[in-house]
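Below are the chains, spelled out letter by letter.
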Amino acid sequence: MFARFTEDARRAVVRAGILALDAGRPTLGADQLLLGLAEVRPFALASFTARAADVRERVGAGDPRALLATIGIDLDAVHRRTRAGTDEPGLWSLRRSRVRPLRVTLYGPLGQLPLAMHARKVIEVGAWRPGPVTGERLLWGLLADPANGAAAILADAGVDLPALVREAGIPTRRAA
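Model, not experiment: these values are computed from the prediction.

## Here we look at the overall build of the protein chain
Here is step 1: Scanning the protein chain from terminus to terminus reveals nine helices and three strands.
Here is step 2: Taken from the N to the C terminus, the helices and strands of the protein chain come in the order α-α-α-α-α-β-β-β-α-α-α-α.
Here is step 3: Each of the 176 residues in the protein chain was classed as buried or not, and the buried ones make up 42%.
Here is step 4: Restricting to contacts in the protein chain with at least 6 residues of sequence separation, those with at least 24 account for 57%.
Here is step 5: For the protein chain, the exposed surface amounts to about 9400 Å²; the carbon and sulfur share of it is 54%.

## With respect to helix 9 (residues 161-168)
Here is step 1: Residues of helix 9 that are buried include every one of Leu-161, Ala-163, Leu-164, Val-165 and Ala-168, and no others.
Here is step 2: Those residues of helix 9 that are buried lie in contact with helix 7 (135-144) and helix 8 (150-156).
Here is step 3: Directly beyond the C-terminal end of helix 9, a positive phi value near 70 degrees is found at Gly-169.

## A short note on a nonpolar patch on the surface
Here is step 1: Side chains of Ile-71, Ile-73 and Val-78 sit close together on the surface and give an oily, nonpolar patch of about 240 Å² of accessible area.
Here is step 2: Mapped onto the elements, Ile-71 comes out in the loop between helix 4 (65-69) and helix 5 (75-82).

## Quick word on the packing of helix 2 (residues 30-40) against helix 3 (residues 52-59)
Here is step 1: Interaxial distance between helix 2 and helix 3 falls to 8 Å at its minimum, and their mutual angle equals 165 degrees. Taken together, the axes of helix 2 and helix 3 are roughly antiparallel relative to one another. Relative to helix 3, the crossing made by helix 2 is left-handed. Counted together, Asp-31, Leu-34, Leu-35, Ala-38 and Glu-39 of helix 2 and Ala-52, Val-55, Arg-56 and Val-59 of helix 3 form the full contact between these two elements.

## Here we look at the nonpolar core
Here is step 1: If you look at the biggest cluster of nonpolar residues, it comprises 48 residues, and the most contacted ones within it are Phe-5, Phe-48, Leu-138, Leu-154 and Leu-164.
Here is step 2: In terms of residue count, the dominant contributor to this core is helix 1 (residues 7-22) (eight residues).
Here is step 3: Beyond its immediate chain neighbours, meaning those up to four positions away, Leu-138 contacts Phe-5, Ala-9, Val-13, Leu-37, Val-122, Ile-123 and Val-133.

The rules behind each value
- Each chain carries its own residue numbering, running from 1 in the direction its sequence is written.
- Two thresholds apply to this predicted model, a pLDDT of at least 70 for residue-level local features and 80 or more for giving and counting side-chain atom pairs, whereas whole-chain, interface and lining totals are computed over all residues.
- Values reported for side chains reflect all heavy atoms of the structure, with hydrogen atoms and water molecules removed beforehand.
- Only runs of H or I of at least four residues qualify as helices and only runs of E of at least two qualify as strands under DSSP, and these elements are numbered from the N terminus.
- Each residue is assigned to one of three classes by its accessible area relative to the maximum for its type, calculated with a 1.4 Å probe on protein chains only: buried under 20%, partly exposed between the two thresholds, exposed over 50%.
- The contact rule is simple, with two residues in contact once any of their heavy atoms fall within 4.5 Å.
- The accessible surface values rely on the Shrake-Rupley method and a 1.4 Å probe; as for residues, cover is taken only from the protein chains in view.
- Residues form patches when they are more than 30% accessible in relative terms and have no salt bridge. Like charges link within 9 Å. Nonpolar side chains (Val, Leu, Ile, Met, Phe, Trp, Tyr) link within 5 Å.
- For this document, the term salt bridge refers to a Lys or Arg side-chain nitrogen within 4 Å of an Asp or Glu carboxyl oxygen.
- All axes here are fitted lines through C-alpha atoms, helices being fitted over the stretch that makes contact, and every angle between N-to-C directions spans 0 to 180 degrees.
- An angle below 35 degrees is treated as roughly parallel, one above 145 as roughly antiparallel, one from 65 to 115 as roughly perpendicular, and anything else as oblique.
- Crossings are classed by handedness, with left-handed meaning an anticlockwise turn of the near helix from the far one by less than a right angle and right-handed meaning a clockwise turn.
- Only buried Ala, Val, Leu, Ile, Met, Phe, Trp, Tyr and Cys residues count toward a nonpolar core, and they belong to the same one when joined by side-chain atoms within 4.5 Å.

Okay, structure coming up:
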């Protein structure tokens, strides 16, 4: 499934997967995908004003660095030593199960992680049209489903959603 993804879009999905694995989550959710997009920024959208720290705070992905530092552990140093190169997008794959077609799983050197329903929808909306899956398309997938909470997180972080939708070229439904 990653074959159509741009390098930056793939990097954002991989980053989201690593964040979910680090948090001990059993699945990759839409909130982690939003955090991955906020950290990697696979687009040049001026109206995407949410900082990664703002999104992290709102999705409940706490940062254990400060807590571990109190006992003398530098988490960044540990990750550099034990995870060198594991965040390379080429080492990761995104595959749909042949037996269970609604199951999509992210596989990589740090483990495997099934996508939760809303995250799977993000990927499917992003890949719906022909052409490459870009960061803008992943953002479109996040904003297309109000039930996943991404729009609420961005609005709470101060993002002007109508401006973001216009700038990203996300199709909107017109009133009849």
